[in-house]
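Chain by chain, the residues run as shown.
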Amino acid sequence: MLAEKTCPSCNADMENECRFCSSCGYDFTQGTPNVIAIDDHRIEGYLTADIASFVDKKSDVYTDKLEAIEQKRITYNWCAFLFTANWFAYRRMYGWAVGIILTSVLIGIGIAAVLITPLTNGTISSEMFALLSFAAGLVLRVVCGFLGDRIYWSRIKKALDLENCKGRPPVYDSKLKQRLGLAGGTSVPAVVISVVAGEIFIQLVTAFVTPAITNMLL
Ligand SMILES: [Zn+2]
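Structural notes, computed from the coordinates.

Basis of the calculations
- The numbering scheme is per chain: residues are counted from 1 as the chain's sequence reads.
- With pLDDT at 70 or above as the cut-off, local features in this predicted model cover only qualifying residues; side-chain atom pairs require 80 or more to be listed or tallied, and sums for whole chains, interfaces and linings still use all residues.
- Think of the side-chain values as coming from all heavy atoms in the structure, minus any hydrogens and water.
- For Na, K and Ca the donor cut-off is 3.2 Å, while for other metals it is 2.8 Å, and in both cases only N, O and S atoms qualify; water is not among them, so sites may look incomplete.
- Geometry is assigned from the angles between donors: four donors with all angles from 85 to 135 degrees make a tetrahedral site, four or six donors whose opposite pairs exceed 155 degrees while the rest stay between 65 and 115 make square planar or octahedral sites respectively, and everything else is labelled irregular.
- Each helix corresponds to a stretch of at least 4 residues labelled H or I by DSSP, and each strand to a stretch of at least 2 residues labelled E; elements are numbered beginning at the N terminus.
- How far a helix is expected to stretch is found by multiplying one less than its residue total by 1.5 Å.
- Consider a residue and the seven residues that end there alongside the seven that start there; fitting an axis to each set, the bend is the angle between those axes.
- For the purposes of this section, nonpolar cores are sets of buried Ala, Val, Leu, Ile, Met, Phe, Trp, Tyr and Cys residues that join through side-chain atoms within 4.5 Å.
- Using a 1.4 Å probe on the protein chains alone, a residue whose accessible area is under 20% of its type maximum counts as buried, one over 50% counts as exposed, and one in between counts as partly exposed.
- Note on contacts: a residue pair is in contact if any heavy atoms of the two residues lie within 4.5 Å.

## Quick notes on the coordination of the zinc ion
Inference 1: Within the protein, the atoms that donate to the zinc ion are Cys 7 (SG), Cys 10 (SG), Cys 21 (SG) and Cys 24 (SG), at distances of 2.2 to 2.4 Å.
Inference 2: Around the zinc ion sit four donor atoms; with metal-centred angles ranging over 107 to 111 degrees, the donor geometry is tetrahedral.
Inference 3: Sequence positions of the donors to the zinc ion reduce to the motif C-x2-C-x10-C-x2-C. Residue Cys 7 is found in the loop between strand S1 (4-6) and strand S2 (13-15), and its partner Cys 21 is found in the loop between S2 and strand S3 (42-43); the two are separated by 14 residues along the sequence.

## A closer look at helix H5 (residues 94-120)
Inference 1: For H5, which comprises 27 residues, the first-to-last C-alpha distance of 38 Å matches the rise-based estimate of 39 Å (1.5 Å per residue) to within 8%.
Inference 2: The largest bend in H5 is about 40 degrees, located at Val 114, with the proline Pro 118 one to four residues further on.
Inference 3: Positive phi appears at Gly 122, one or two residues downstream of H5, with a value of about 85 degrees.

## Here we look at the nonpolar core
In globular proteins that are soluble, nonpolar side chains generally tend to be buried together.
Inference 1: By size, the foremost hydrophobic cluster in this structure holds 29 residues, and its most contacted members are Ile 51, Phe 88, Tyr 152, Trp 153 and Ile 156.
Inference 2: Every element with two or more residues in this core is listed here: helix H1 (48-55), helix H2 (59-70), helix H4 (85-90), H5, helix H6 (126-162) and helix H7 (174-183).
Inference 3: With eight residues, the single largest contributor to this core is H6.
Inference 4: In this structure Phe 88 touches Ala 80, Met 93, Trp 96, Ala 97, Ile 100, Cys 144, Gly 148 and Ile 151, once residues within four positions along its chain are discounted.

Right under this line is the structure:
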């Protein structure tokens, strides 16, 4: 392994022979760190640059949204509305993804439990049953859309707090940027897993839990 030195200006690891930092251009022959200033734009005390390092894709869209939240304006996340648990998985909020899949299954079970008797004795039609199930699912989507950006913001802040980013001086730090990138970003495999796992889970519930409840109530 080659000997390494750390750039005093941006924290990047460089091979010992390097005369210049490949990350920030710091001149090692000079010896005096020339700190590289970055944009001091902040949201709730966090540098926009740090937020962007964590968010990665569409970071410009999200910094606008977070700024709106800071100004107590309402934001709406259409991706969270359309893709619900899969969007949370994509943004690597796995606990929320699992929670939403469970909630939607529980809503389905709840609807079936409440409506199975009126459905079988003909008080409501099967179309009405389908419509009510759809409406309940829609409510969950609407809620996800409203909460998506806020939940994401609290996730971002938690990650930035772990790195003590709040109020830090506006200087370029390549290692911090790297760590935030690893902690955040997006995951396509997580989307695939959330789709497949969600589908299997819903089928299992439909196959075993719903009939059991139906038998119990009828
Ligand atoms: Zn450097």
